[in-house]
Amino acid sequence: MISVKQVSKSFGERRVLNQITMQVAPGECVFVLGKSGVGKSVLLKLMVGLNSPESGEIHVAGLKVDAENSQTLAQIRKKCGLVFQFPALLDSVSVFENISFGIRAREISVNPSEIEAKVREKLSLVGLNEKVLGKFPTELSFSTQKRVSIARTLAVEPDYLLFDEPTTGMDPIATTGLNHLIKKLSQELKVTTVVVSHDIKSAFAVGDRMILLDQGQIVFEGSAEKFKTSTASLAKQFQEEMF
Amino acid sequence: MEYILNLTKTLGGMILLAEKWIKLTFQGKTRWGFVIDQIFQVGVKSLGMTLIAGMFVGAIMALQIDVQLKDFGAESFLGGLSTSTTLRNVGPVLIAFLLSGKVGAYTSAELGTMEVTEQLNAIRLLGADPVEYIILPRIWAVIISSFLLLIVGLMVTILGGVLFSQFIGVNALSYIQNIPRIVTGWSIVLSVVKSFVFGTLIAIVSCYKGYTARGGAVGVGTAVQSCAVTNLILIIFTDFFLSMISSLLQELFQVGYL
Ligand SMILES: Nc1ncnc2c1ncn2[C@@H]1O[C@H](COP(=O)(O)OP(=O)(O)OP(=O)(O)O)[C@@H](O)[C@H]1O
Ligand SMILES: [Mg+2]
């Protein structure tokens, strides 16, 4: 369970998020939509304590996210995986090292052959060929890097998965594959998922629920069906994109 | 005023980083394999530059001091005087400047880029401490490579002085023979101490500046720039400080000359 209670966040004078309250139930898959710069990435980072809210509280798995409390924060992060908007791969080490990084750091496994098996499994989940394992991130295209970064996050098998625009820049086939994967993870493994996306089709296909942000606030919250008939003006604009 | 405030903040942050560096080292968290890797990455690549620069620093000192000694007809002291000045002051400072430009800029730019591209955040989320995983080995690599480069550079300055003395008509042999008459063990200890301290400064400043970079490419640019300035200021300042302490100690224990 992720629970965001009346969270506000400003940068300088500008209030990016204003009194946001939302919840994500265990195993639920929620899509967060909104225009560029509305604060979607900031919201995800708040959930794992990479940013601190100026007011309000966030709880993940019953624990309060507090950047000052490093012990609890470590506990929370151990349950979470965040796919950053930009791949954020460590460019001084190979793709294999990148994907196995979290497995080692979280001491999920110390057995080299077990680690390798996990890495190969996650790589195939994101539809990549094993040839990339020995390459360095800078040798890969953006969307391949993005897929590696998704594999890296999946490798730690988190209970909470946060995706920041996972399919942006990907070809349609990869997009569909990833959407299936997200759906499968949330339905079969009961992973609690938040997906930030501009891709309204994916949101309809995968999301249990949608949240639409505008000017720091939630202007729509509900199922795909409800979204289609929503009268909120931004929701209407998004609907036009869809049909 | 803002400048002083920033400087205080930087110093405070650097002290905290240094504290963490020492603590983690004592906990045996350093990945020495990676340190050696980094030494090759940053250190070995700076060797050529250090050799050339060291050579010329030695030559410049010989030239300059020769001009002054000529007035007193004391050219026979050239070897000792120029070597002593180079070892104690000019050599370590100039070579440290060069290294702060090369090793320091490289390190701060690399770490800064890692920060603004969220690589450090990714490490945090995956369950590791970026200070332990990324910074600690780099601090050691920069300290060790700067120290070794400074020592090599200083040895080359002596060579530069010897070679150059030939051009200005001072016999190389008498130049060399004059060195131990003036250069004492104290000069050597002082230059080694300075090399170590400057290496440590460059390491901490560069890592700190890179680590605290914020805000995209511009942020990295600012971090590298501020790293260069901070390094220069701190090197000059500590050089003055160490030289003072050295003179005081010398007077106290009556060792060495000059
Ligand atoms: N560290 C920061 N310092 C200053 N301002 C920031 C910082 N992080 C985000 N912002 C600002 O907060 C606002 C929201 O940023 P955010 O990255 O969350 O947008 P977004 O909704 O993810 O947009 P996009 O769809 O383009 O990714 C932006 O105006 C951005 O400039
Ligand atoms: Mg974003």
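Bear in mind that the values here come from a model prediction, so they are computed numbers and not experimental data.

Quick look at the confidence of the model for chain B
All names here are of chain B.
Stage number 1. Overall, the predicted model of chain B reaches an average pLDDT of 91, with 98% of residues at or above 70.
Stage number 2. Taken element by element, chain B is modelled with least confidence in helix α7 (residues 172-182), mean pLDDT 88, and with most confidence in helix α5 (residues 119-125), mean pLDDT 96.
Stage number 3. For this predicted complex, the interface confidence reaches an ipTM of 0.92, while the overall pTM sits at 0.90.

Here's the deal with the nonpolar core
Stage number 1. Ranked by size, the top nonpolar core spans 131 residues in total, and within it A:V32, A:M47, A:L162, B:I139, B:I202 and B:C207 carry the most contacts.
Stage number 2. With 15 residues, the top contributor of residues to this core is helix α6 (residues 130-167) of chain B.
Stage number 3. If sequence neighbours within four positions are ignored, A:M47 has contacts with A:I2, A:I58, A:V60, A:V65 and A:L162.

Describing the interface of chain A and chain B
Stage number 1. In this complex, chain A contributes 15 residues to the contact, which on the side of chain B involves nine residues.
Stage number 2. Of all the elements in the fold, those that place two or more residues in the side of chain A that touches chain B are α2 (70-79), β6 (80-83) and α3 (95-105) of chain A.
Stage number 3. With three residues, the single largest contributor to the side of chain A that touches chain B is α3(A).
Stage number 4. In terms of residue class, the side of chain A that touches chain B is built from eleven nonpolar, one polar and three charged.

Quick word on the sheet that holds strand β9 (residues 209-214) of chain A
Residues and elements named next belong to chain A.
Stage number 1. If you walk across this open sheet you meet the six strands as β6-β7-β8-β3-β9-β10, and the pairing is mixed. Of all the strands in the sheet, just β6 and β10 (217-222) have a single pairing partner and so form its edges. For this sheet, the mean angle separating the axes of adjacent strands, direction not counted, is 15°.

Quick notes on the environment of B:P92
Residue and element names in this part refer to chain B.
Stage number 1. Checked against the element boundaries, P92 lands in helix α4 (residues 78-116).
Stage number 2. Along the primary structure P92 and G13 are separated by 79 residues, whereas in three dimensions their C-alpha atoms are 26 Å apart.
Stage number 3. Discounting residues that sit within four places of it in the chain, P92 has contacts with L150, L154, S191, K194, S195 and F198.

A short note on helix α5 (residues 142-154) of chain A
All names here are of chain A.
Stage number 1. Taking 1.5 Å per residue as the helical rise, α5 with its 13 residues ought to reach 18 Å, and the 18 Å between its terminal C-alpha atoms agrees with that figure.
Stage number 2. With eleven of 13 residues buried, α5 is to be regarded as a mostly interior element.
Stage number 3. Along α5, the residues that are buried comprise T144, Q145, K146, R147, V148, S149, I150, A151, R152, T153 and L154.
Stage number 4. Buried residues in α5 make contact with β6, α3 and α4 (112-125).

A word on the environment of A:L89
Residues and elements named next belong to chain A.
Stage number 1. Counting through the fold element by element, L89 comes out in the loop between β6 and α3.
Stage number 2. For L89 and Q145, which are 56 residues apart along the polypeptide, the C-alpha to C-alpha distance reads 7.4 Å.
Stage number 3. Excluding its chain neighbours within four sequence positions, the residues that come into contact with L89 are N98, P137, Q145, V148 and S149.

Definitions and limits used
- Residues numbered from 1 in each chain as written.
- Chains lettered and ligands numbered in written order.
- Predicted model: local features only at pLDDT ≥ 70, side-chain atom pairs only at ≥ 80, totals over all residues.
- pLDDT = per-residue confidence, 0-100.
- Helix = DSSP H or I, 4+ residues; strand = E, 2+ residues; numbered from the N terminus.
- Core = buried A, V, L, I, M, F, W, Y, C linked by C-beta atoms within 7 Å.
- Buried ≥ 20, exposed ≤ 12 C-beta atoms within 10 Å, placed from the backbone.
- Contact = placed C-beta atoms within 7 Å.
- Nonpolar A, V, L, I, M, F, W, Y, C, P; charged D, E, K, R; others polar.
- Pairing = 2+ DSSP bridges.
- Axes fitted to C-alpha atoms, helices over the stretch in contact; angles between N-to-C directions.
- Expected span 1.5 Å × (residues − 1).

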